[in-house]
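Chain and residue survey
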Amino acid sequence: MPTGTLHIDLEAVAANWRALDRLSGVSCETAAVVKADAYGLGLGQVAPRLIAEGVRAFFVATADEGLALRRTLGPEPRIYAFYGHMADDTPTLHRADVVPMLTSIEQITRHFETLPNHPFGLQLDTGMNRLGLKQPEWEAVAELVLAADPVLLMSHLASSDIPDSDQNARQLAAFHYMTDGLDIPRSLAATGGTLLGPEYHFDMVRPGIGLYGGLPFAKAEPVVSLDLPVVACFDVEPGETVGYAASWTAKAPTRVATVAGGYADGLPRSLQPDMFLMAGPVACAAIGRISMDLITVDISHLDRDPTHMSVLGPHHNVDELAQACGTIGYEMLTSLGHRYQRRYRGSAI
Ligand SMILES: *Cc1c(COP(=O)(O)O)cnc(C)c1O
């Protein structure tokens, strides 16, 4: 038996892409970021559904992810890799027809030497200080690079989920300064930047998390829900303790459900003590420590023992759960383990 069932609503992914595509307007292409196995939700299911919705450009992190995506989607869509052209990537980029988004002068040199006729894009650093050419480097190599016809100039916003951060406008100005007047498609916005408004959209937006129902796209349709089966139910008497290190002590007669799922399944120990699981519409508190594969829950107030309890769903979205353990929806989604049975609603065909 799997630990639990992760329900993934591909129709909601498609609806979220459509909503972001409407925001970005007709003259701007809306790509889809599907790195890290589509944020943990399954590249092989998510990407074909997005193709059916009209997506023609995808972003992954690594060349290997690009190869897996190419095998799934066939020759048509454009696939870009954020890691650019790393030392061992040459054969994979070539074979999978993946466009590396070059990040440094070293990568530009490698690309021109090993795959001179292979399309490439360029990452420019406008202030995030993570990847991409800084302005003096760009000035030094722009002429040479532009002569080789890059297909996309890209930068990334560090604070786009904070709409009133000054950094957004500063990065926007830097991106204009570095790219205005060049007749090459440009992309600055991920999900957050797409929501900041048209001046951030340029020729292409690249949302990821918004497709999967996470903040900062507050209006996104929820995509994931997670149900865990109940393995056992029993009573404990006042004074008895529950779980590792006896961290919870019953003050009254208590009925406990032990459910299948734990920190090996992306439900970190730090979720407790604020974690609630739902039995239908009724919230039940997790008690005691979260184990590797098991969580204990106080179900004393239920009429009968549940067969399943829900961790993510209509009552509890991925950002709320993330907040309860001090992280963000991105990390919560990508941590959900591989022991769950995955059930997809909707399909590409
Ligand atoms: C991950 C990533 C994205 C997508 O970001 P979201 O916040 O998930 O929309 C876009 N661009 C770059 C460079 C990224 O690394």
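Values in this document were obtained by computation on a predicted structure and should not be read as measured data.

1. Digging into the pattern of salt bridges
Applying the stated criterion across every chain, the model contains 13 salt bridges. We note a salt bridge from D125 to K134, for which the minimum N-O separation is 3.1 Å. The buried category is assigned to D125, whose relative accessible area is 8%. Judged by relative accessible area, K134 falls into the partly exposed class, the value being 37%. When the shortest N-O distance is used, the salt bridge between D305 and R255 registers 2.7 Å. One end of the pair, D305, is in the loop between β17 (294-298) and β18 (308-312); the other, R255, is in strand β14 (residues 254-260), and 50 residues separate them in sequence. By sharing partners, the salt bridges in this structure join E11, R18, R49 and E53 into a single network.

2. Let's talk about the side chain of Q272
Looking at the secondary structure, you find Q272 in the loop between β14 and β15 (276-279). Reaching out from Q272, the side chain makes a polar contact with the backbone oxygen of A286 at a distance of 2.9 Å. Apart from residues lying up to four places away in sequence, Q272 is in contact with A286, I287, G288 and I290.

3. Overview of the packing of helix α6 (residues 105-114) against helix α7 (residues 135-147)
The geometry of α6 relative to α7 is characterised by a closest axis approach of 11 Å and an angle of 15° between their N-to-C directions. Between α6 and α7, the crossing angle belongs to the class labelled roughly parallel. Here α6 and α7 pass one another in a crossing that is left-handed. Contacts from I105, I108 and F112 in α6 reach E137, V141, L144 and V145 in α7. Its residues assigned to classes, the contact of α6 with α7 comprises six nonpolar, no polar and one charged.

4. Observations regarding the site of the ligand
The immediate surroundings of the ligand are formed by 14 residues, with K35, Y39, T191, I209 and Y330 found nearest. At a separation of 3.0 Å, a nitrogen atom of the ligand approaches a polar side-chain atom of R206. Separating an oxygen atom of the ligand from a side-chain N or O atom of Y330 is a distance of 2.6 Å. Its free accessible area being 390 Å², the ligand has 91% of it covered by the protein chains.

5. Examining the domain arrangement of the chain
As assigned here, the chain comprises domain 1 (10-212) and domain 2 (224-316). Using only C-alpha atoms to locate each centre, domain 1 and domain 2 end up separated by 42 Å.

6. Looking at the state of the cysteines
Counted under the stated rule, the structure contains zero disulfides. In this model C325 remains outside any disulfide bridge; the closest cysteine sulfur is found in C284, 19 Å from its own. Its relative accessible area of 15% is what places C325 among the buried residues.

Quick notes on the rules
Numbering of residues begins from 1 in every chain and follows the order in which that chain's sequence is written. Local features in this predicted model are restricted to residues of pLDDT 70 or higher, and side-chain atom pairs are both shown and tallied only at a pLDDT of 80 or more, whereas totals for entire chains, interfaces and linings draw on every residue. Water and hydrogen atoms play no part in the side-chain values, which are based on all heavy atoms of the structure. Basic side-chain nitrogens of Lys or Arg form a salt bridge, by our definition, when they fall within 4 Å of a carboxyl oxygen of Asp or Glu. Relative accessibility decides the category of a residue: with a 1.4 Å probe and only protein chains considered, values under 20% of the type maximum give buried, values over 50% give exposed, and everything between is partly exposed. Labels follow the DSSP assignment, with helices taken as runs of H or I lasting at least four residues and strands as runs of E lasting at least two, numbered in each case from the N terminus. Polar contacts, as counted here, are pairs of nitrogen or oxygen atoms within 3.5 Å of one another; within protein the pair requires one atom able to donate a hydrogen and one able to accept it, and residues that are adjacent in sequence qualify only if both atoms are side-chain atoms. What makes two residues a contact is simply this: any of their non-hydrogen atoms within 4.5 Å. As a rule, the C-alpha atoms of each element are fitted with a line to give its axis, helices using only the stretch in contact, and angles between N-to-C directions run from 0 to 180 degrees. We call two directions roughly parallel when the angle between them is under 35 degrees, roughly antiparallel when it is over 145, roughly perpendicular when it lies between 65 and 115, and oblique otherwise. Crossings are sorted by hand: turned counterclockwise from the far helix by less than a right angle, the near helix makes the crossing left-handed, and turned clockwise it makes it right-handed. Gly falls in the polar group here, along with every residue not listed as nonpolar (Ala, Val, Leu, Ile, Met, Phe, Trp, Tyr, Cys, Pro) or charged (Asp, Glu, Lys, Arg). Being near a molecule or strand, for a residue, comes down to having at least one heavy atom within 4 Å of it. To measure how exposed things are, a 1.4 Å probe is used in the Shrake-Rupley method; for residues, cover is taken only from the protein chains shown. What marks off one domain from the next here is an automatic or database domain assignment. Cysteine sulfur pairs qualify as disulfides if the two atoms are within 2.5 Å.

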